[in-house]
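Observations on chain architecture
So the chains spell out like this:
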Amino acid sequence: MKKITTLIVLFVTVCTYGQSLDLQKEIPSDSSFVKGVLSNGLTYYIKHTHVVKDAASYYIIQNVGSVLEEDNQSGLAHFLEHMAFNGTKHFPGKGILNTLEEYGAVFGKDINAYTSFDETVYNLNHIPTKDGLVDTCLTILHDWSNELLLTEEEIDAERGVIKEEWRTRDNGNMRAMVKSLPVLFNNTKYADRMPIGSMDVVENFEYSALRSFYHDWYRTDLQAIAIIGDVDVHAIEEKIKQKFSKIPAVENPKERYIIEIPDNDKMQYAFVTDKELKTALVTFGIRRKNAMENETIADLKSSLLNAMIKSMFSTRMEEIRQKPDAPFLGVRLNEGSHSRAAMQFSLDVYPKPNQQYEAFKLAMQELNRVVKFGFTKPEIDRTIVAFKSGYENYISKLDDRPHKKYADLIVKNYLNNKTIADFEKKYDIVKSIFNTLREDDFLKQIKLLYTEKNRYLVVRGVEGNKNLTEDDALAIINSVENDKTLQPYVDAFSGKTLVSDVEIKPGSIQSETYNEELDATTFVLSNGVKVHYKFADKNKNSVKLKAMSYGGKSLIEDNSYLTSANHTIELVNNSGVGNYNTIEMSKILAGNTARLSLNISDISEKVNGSATPKDFEVLMQRVYMQFMHPRFDENALKVFKNNLNHALKAKSENIGSKINDSTLVTLYGFNNPRHRLLSPEYIEDISFEKVKTIYQDRFADVSDFEFFIVGDIKKEDLKPVLENYLASIETKNNKEDWVYKEDNWLNDNIKKDIYLKMENPKATVRIAYKKEVKYTQNNYYLTKALGDILKLRLTASLRESEGGTYGAGVGAKLSKRPKEEAVLYVSFDCNPDKVEKLVEIVHEEMHAIANDNIKEEDLTKTKTNYFKEREQQKNYNSYDMNVLTNYFREGYNMNDPENFDVPVQALSKKHISQFAKKLLDHSKSYEIIAKPIINNKD
């Protein structure tokens with residue numbers, strides 16, 4: 001009987017979908033991934049890729065997160081993550097960091113980890129495979145699995161670091177989110193297990209509590225390791241078996257339980273707010289079970305429909321958002337993971353001030369329009385085209401996927417049983433699904449998502465505003481769900497191309513010059529435009545475009561135009577092009593990979609673009625239209641100003657924004673036209689006519705732009721596109737240059753404390769030094785090395801020794817334009833009781849470097865990192881683009897050893913110290929510290 005039933009199901013499946021597509025069949029997996037499980041339960045993954053040559057990345061995935069903590073362990077999953085970098089059997093103290101930094105890895109960038117509710121994941125990225133480093137990294141993974149030292153000294157030292165991490169992350173949004181957790185997770189354990197934990201526990205837990213958590217949960221049956229990169233798969237697999245099989249499995253292990261989110265019949269409601277929050281967010285969600293079974297073609301079809309629903313609904317909401325009288329600033333539909341055992345379908349509504357009711361009602365009306373009527377055939381057809389294009393583009397670049405993309409697939413496979421699919425076979429199935437899709441498939445799918453049970457509503461409100469109540473929300477939902485007057489969406493837009501209504505007169509290529517040194521070609525077009533081209537296929541199926549012209553805002557003589565200039569590109573981007581608004585453009589460009597962005601900076605204007613070779617012609621059509629037929633939409637400006645007013649409200653009580661504004665005023669004063677604060681007057685000063693004038697002036701003459709094209713496009717395919725579009729743009733053959741504008745601080749040396757009211761006290765420190773320094777390659781790397789060595793020292797002193805901050809941001813740069821100037825800056829948050837001591841340490845470290853007190857190992861780490869990064873950059877087309885632009889715009893060849901190898905190799909403790917001393921001596925500087933108001937101090 002069971003066999004007969006199965007046959008009937010399969011027969012119905014085949015008949016229904018018009019072809020042999022077994023929906024119960026599992027999705028084909030990618031056989032290039034090697035996966036195994038050792039006898040002790042540890043799972044391993046190996047994936048070979050040469051996207052970064054001679055380098056590999058290493059991950060350990062712990063199926064352990066904060067949800068497993070007991071009350072007296074709140075925050076210890078995250079604390080344990082920190083301790084993994086503070087002493088293991090083979091790498092005591094800071095041994096892991098010191099060892100890998102000697103080979104060019106950078107803490108935070110290449111060496112990092114994260115802890116969430118349900119997992120903890122550690123990574124070592126892009127580590128060279130030379131000098132026995134493969135074995136070294138495997139030993140690190142081994143130690144992370146089973147050999148953390150957890151010494152009392154290191155535990156106590158890390159308490160302060162984590163307290164400062166909490167202090168840095170604590171803000172109004174975070175506090176409101178924590179308040180909403182009981183409703184989001186239906187009063188389960190998740191609601192009390194934010195990964196950062198309880199600071200009372202972090203500061204006071206017994207050592208045994210952390211060690212118990214480690215023993216209970218860091219064990220082989222809850223661990224997976226992954227090695228991704230340019231490695232010998234079979235050799236790595238043997239090493240894993242030899243090294244990791246020896247780790248004993250824990251006897252009588254605790255159950256790794258999964259928190260189930262219980263059902264609820266009645267919608268759950270939470271109203272949350274915070275003194276810092278001055279803008280609202282309304283989130284309506286519906287939870288459903290996450291089966292976590294092997295993925296089938298039915299699951300693939302379901303996820304495909306969900307993604308298409310999200311895309312089509314978002315387009316509809318964007319169409320409404322662009323109307324000045326829309327009651328919301330945006331609406332976002334989400335579908336995906338909620339927790340380990342649950343999925344969610346949710347709607348985020350961002351209302352305009354005091355329009356929560358109207359915004360939520362309109363968003364729910366549109367969602368119910370979809371629930372009742374689904375989508376139109378033109379919408380579905382465009383979305384299929386877009387999705388097919390996305391799949392095909394992805395497949396063409398499979399070999400270019402970064403290590404992290406592979407790691408994400410592995411993490412989802414291990415923790416959530418998501419199939420690591422053979423993408424090409426998966427796409428074959430997707431095409432079959434597309435061929436059989438009907439309009440009622442979307443109706444059926446949305447009804448599976450939009451259910452009456454398991455609903456929740458979180459209103460992040462604003463004190464003193466008209467906030468959406470539970471009764472309001474229920475009344476709105478009941479009203480729209482029973483609205484008999486609701487009509488289907490009408491899509492009246494018919495298929496057109498970007499240049500349908502435009503007459504284009506092609507130009508020609510006047511000259512073609514080959515540069516043997518760069519293996520590049522320069523074209524001069526009939527309208528005077530110069531194009532530098534280099535074929536590069538390190539990244540397959542990818543073409544990048546850049547164009548640059550000097551001038552920018554420096555050529556604006558009337559200061560009253562500067563505010564409008566700051567937002568000219570936003571208006572142009574939101575206006576569309578030619579006869580089409582942005583919504584119509586999105587429909588025209590559905591499935592097209594052509595992307596274009598514009599920029600006006602202080603001294604230049606730029607065009608940046610990218611596309612696949614197939615879509616490169618459309619990219620050049622977009623370039624043509626931006627120069628010849630830009631569009632300026634007054635409604636778009638109204639919408640943009642509405643958004644700025646919302647941003648103004650949002651930042652009005654935000655501590656970070658107050659610190660930024662106070663810093664700006666301290667440096668430049670209240671009336672500097674180039675450094676204005678966002679205010680009602682600022683927003684009012686943005687003028688439609690001025691924006692239009694500025695754009696037409698800055699992008700008036702394409703012949704003043706120098707174009708660069710690098711990528712996987714043949715010269716014979718490129719030339720006719722250049723002639724048809726770029727050479728056809730009208731030109732004036734005017735050449736401009738930027739003009740230097742004085743932009744000085746109020747004083748050469750500024751030292752000021754700023755006092756602000758704060759919910760949770762913290763100090764924010766900002767220190768900077770700047771001085772005129774001639775721009776040379778030697779000075780460029782001296783500046784860079786000074787910043788990187790200072791970063792190493794401050795990590796050791798401020799974070800590790802003092803436990804005074806989560807981390808100090810350190811930067812050093814040497815600018816060439818508009819002024820040859822070196823800048824060194826430091827910023828960090830900390831306990832206000834420690835701020836004076838920590839600031840003193842910063843200055844001590846700076847002057848120690850200037851006084852020839854540089855550690856040899858710090859210099860070695862820094863230089864090794866530069867060589868490592870340079871070699872890994874060469875694996876990407878972007879490196880060739882940089883070679884081309886620097887050669888023609890800056891006058892030097894990046895590949896010439898004199899411009900990299902020689903200056904980096906020449907870096908010495910003596911030269912860096914001399915440079916630091918020169919920079920600090922009689923330099924301009926500021927030290928601005930934001931502190932909490934105490935006892936009404938002002």
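Residues numbered from 1 in each chain as written. Predicted model: local features only at pLDDT ≥ 70, side-chain atom pairs only at ≥ 80, totals over all residues. Heavy atoms only, no water.

We apply this condition: UniProt positions are given in the numbering used here, feature names are shortened, and annotations may be inferred rather than shown by experiment.
The chain carries the name Insulinase family protein in an unreviewed UniProt entry, which gives Allotamlana fucoidanivorans as its organism. Reading the Cofactor (unreviewed entry) entry of the UniProt record for the chain gives the comment "Zn(2+)".

1. Structural notes on the overall build of the chain
The criterion, for reference: Segments assigned H or I by DSSP are reported as helices when at least four residues long, segments assigned E as strands when at least two residues long, and all are numbered from the N terminus. In this treatment the radius of gyration is a C-alpha quantity, and the globule benchmark scales as 2.2 Å times the residue count to the 0.38 power. Using a 1.4 Å probe on the protein chains alone, a residue whose accessible area is under 20% of its type maximum counts as buried, one over 50% counts as exposed, and one in between counts as partly exposed. Residues are treated as being in contact if the distance between any of their heavy atoms lies within 4.5 Å. Asp and Glu are treated as the negative residues and Lys and Arg as the positive ones, with His and the ends of the chain left uncounted. Throughout, a charge is located at the NZ atom of Lys, the CZ atom of Arg, the CG atom of Asp or the CD atom of Glu.
If you tally the helices and strands in the chain, you get 31 helices and 23 strands. In terms of overall dimensions, the chain is globule-like: its C-alpha atoms have a radius of gyration of 30 Å, near the 30 Å expected for 938 residues. Taken along its principal axes, the extent of the C-alpha atoms in the chain is 85 × 75 × 65 Å. Buried residues in the chain amount to 55% of all 938 residues. Put simply, 84% of the contacts in the chain that link residues at least 6 apart link residues at least 24 apart. Side chains of the chain carry 126 positive and 137 negative charges; the gap between the two charge centres is 2 Å.

2. Brief notes about the pattern of salt bridges
What counts, and what does not: Basic side-chain nitrogens of Lys or Arg form a salt bridge, by our definition, when they fall within 4 Å of a carboxyl oxygen of Asp or Glu.
Per the stated rule, a full pass over the model turns up 66 salt bridges. A salt bridge links E318 to R321; the shortest N-O distance between them is 2.7 Å. With a gap of three residues between them, E318 and R321 both fall in helix α10 (residues 297–321), about one helical turn apart. K931 is the partner of D753 in a salt bridge, and the nearest nitrogen-oxygen pair spans 3.0 Å. Within this pair, whereas D753 is found in strand β19 (residues 749–756), its partner K931 is found in strand β23 (residues 924–932), the two being separated by 178 residues in sequence.

3. Focus: the pairing of strand β4 (residues 111–115)
Just so we agree on the cut-off: Should DSSP find at least two bridges between two strands, the strands are taken to pair.
The two faces of β4 differ: I111, A113 and T115 on one face are buried, but N112 and Y114 on the other face are not. Two elements, β4 and strand β5 (residues 120–128), share five bridges in a ladder whose sense is antiparallel. Looking across to β5, one finds that A113 is bridged to Y122.

4. Some remarks on the sheet that holds strand β16 (residues 595–600)
Rules: Fitting a line to C-alpha atoms yields each axis, with helices limited to the stretch in contact; the angle taken between N-to-C directions then spans 0 to 180 degrees.
The seven strands lie next to each other as β12-β13-β14-β18-β15-β17-β16, forming an open sheet whose pairing is mixed. The sheet is open, and its two borders are formed by β12 (509–515) and β16, each paired with just one other strand. In this sheet, adjacent strand axes meet at a mean angle of 15° when their direction is disregarded. The strands that helix α25 (residues 715–726) touches are β12, β13 (520–525), β14 (530–535) and β18 (706–711); relative to β13, the one it contacts most, it runs at about 25°.

5. So, the side chain of S925
Here S925 shows up in strand β23. When neighbours within four sequence positions are excluded, S925 is seen to be in contact with W745, D748, N749, I750, A768 and Y769.

6. Here's the deal with the packing of α10 against helix α14 (residues 423–436)
The condition is simple: For classification purposes, angles smaller than 35 degrees are called roughly parallel, those larger than 145 roughly antiparallel, those between 65 and 115 roughly perpendicular, and all remaining angles oblique. Helix crossings get a hand from a simple test, with the near helix turned counterclockwise from the far one by less than a right angle marking a left-handed crossing and a clockwise turn marking a right-handed one. Under the scheme applied here, ten amino acids are nonpolar (Ala, Val, Leu, Ile, Met, Phe, Trp, Tyr, Cys and Pro), four are charged (Asp, Glu, Lys and Arg), and all others, including Gly, are polar.
Running from amino to carboxyl end, α10 crosses α14 at an angle of 65°, the nearest separation of the two axes being 11 Å. Taken together, α10 and α14 sit at an angle that is classed as roughly perpendicular. Crossing geometry of α10 relative to α14 is assigned as right-handed. Between α10, through I297, L300, K301, L304 and M308, and α14, the contact on the second element is made entirely by K426, I429, V430, I433 and F434. Split by residue class, the contact of α10 with α14 holds eight nonpolar, no polar and two charged.

7. Observations concerning the UniProt feature "domain: Peptidase M16 C-terminal" (unreviewed entry) in the chain
UniProt tags residues 205–383 and 685–865 as "domain: Peptidase M16 C-terminal" (unreviewed entry). Secondary structure across residues 205–383 divides into 41% helix and 24% strand, with the first and last C-alpha atoms of the span separated by 54 Å. Helix makes up 41% of residues 685–865 and strand 23%, and the two end C-alpha atoms of the span are 47 Å apart.

8. Side note on the sheet that holds strand β10 (residues 342–351)
Reading across the sheet, the five strands line up as β7-β11-β8-β10-β9 and stay open at both edges, with mixed pairing between neighbours. With partners counted over all chains shown, the strands left at the sheet margins are β7 (268–272) and β9 (328–339), one partner each. Geometrically, the sheet is characterised by an average inter-axis angle of 15° between neighbouring strands, direction not taken into account. Pairing between β9 and β10: 10 bridges, direction antiparallel. When the sheet's bridge partners are listed, N334 is paired in β10 with S346.

9. Let's talk about the UniProt feature "domain: Peptidase M16 N-terminal" (unreviewed entry) in the chain
UniProt records the feature "domain: Peptidase M16 N-terminal" (unreviewed entry) at residues 54–168, using the numbering of this structure. Secondary structure across residues 54–168 comprises 40% helix and 19% strand; the distance between its end C-alpha atoms is 37 Å.

10. Looking at the nonpolar core
Worth spelling out the cut-off: Put simply, a nonpolar core is a bunch of buried Ala, Val, Leu, Ile, Met, Phe, Trp, Tyr and Cys residues held in one set by side-chain atoms that sit within 4.5 Å of each other. Residue ranges for the domains trace back to a domain assignment, done automatically or taken from a database.
In terms of nonpolar packing, the biggest core is built from 75 residues, with Y58, L100, W144 and I240 touching the most fellow members. Ranked by residues supplied to this core, first place goes to helix α4 (residues 133–146) with seven residues. The residue makeup of this core includes at least three contributed by each of domain 1 (33–245) and domain 2 (268–481). Look past the residues within four positions of I240 in its chain and what remains in contact with it is L38, Y44, I46, L138, I225, I227 and S245. Within the second largest apolar cluster, 64 residues are counted, among which are A594, V618, L637 and Y682.

11. Structural notes on the domain arrangement of the chain
Applicable threshold: The term buried area denotes the loss of accessible surface (1.4 Å probe radius) that occurs when two parts are joined, taken as the sum for both partners.
Assigned domains within the chain: domain 1 (33–245), domain 2 (268–481), domain 3 (509–726) and domain 4 (749–932). On a C-alpha basis, the centroid separation for the pair domain 2 and domain 3 is 31 Å. Counting residues at the interface gives 23 residues for domain 2 and 26 residues for domain 3. Of the roughly 2200 Å² buried between domain 2 and domain 3 on both sides combined, carbon and sulfur atoms contribute 58%. Every element with two or more residues in the side of domain 2 that touches domain 3 is listed here: α10 and α12 (377–396). Considering every element that reaches the side of domain 2 that touches domain 3, the biggest residue donor is α12, with six residues.

12. Thoughts on the packing of aromatic side chains
The test is simple: Any Phe, Tyr or Trp ring, taking Trp's six-membered ring, that has another such ring centre within 6.5 Å forms a pair; planes under 30 degrees apart are called stacked, those over 60 apart edge-to-face, and the others tilted. For a ring to carry a charge above it, either NZ of a lysine or CZ of an arginine must fall within 6 Å of the ring centroid while also lying within 35 degrees of the normal to the ring plane.
In this structure the tally under the stated criterion is 31 aromatic pairs. Ring geometry for Y775 and Y780: centres 6.3 Å apart, planes at 50°, overall tilted. What makes Y780 partly exposed here is its relative accessible area of 30%. Pairing Y781 with F900 gives two aromatic rings, centres 5.7 Å apart and planes at 75°, and the pair type is edge-to-face. Here F900 lies in the loop between α29 (877–890) and α30 (901–905) and Y781 lies in helix α26 (residues 777–801), a separation of 119 residues in the sequence. For the pair Y781 and F900, one class covers both residues: buried. Through a chain of ring-to-ring contacts, the aromatic side chains of Y775, Y780, Y781, Y866, F867 and F900 assemble into a single cluster. Above the ring of F33, the side-chain terminus of K47 is found at 5.2 Å from the ring centroid.

13. Some words on the packing of helix α2 (residues 76–83) against helix α5 (residues 152–169)
Contact pair α2 / α5: the axes reach a minimum separation of 10 Å and the direction vectors enclose 115°. Considering only the axes of α2 and α5, their crossing is right-handed. Residues H78, F79, H82 and M83 of α2 lie in contact with α5, whose contacting residues are E154, I155, E158, R159, V161, I162 and E165. Here the residues of the contact of α2 with α5 sort into five nonpolar, two polar and four charged.

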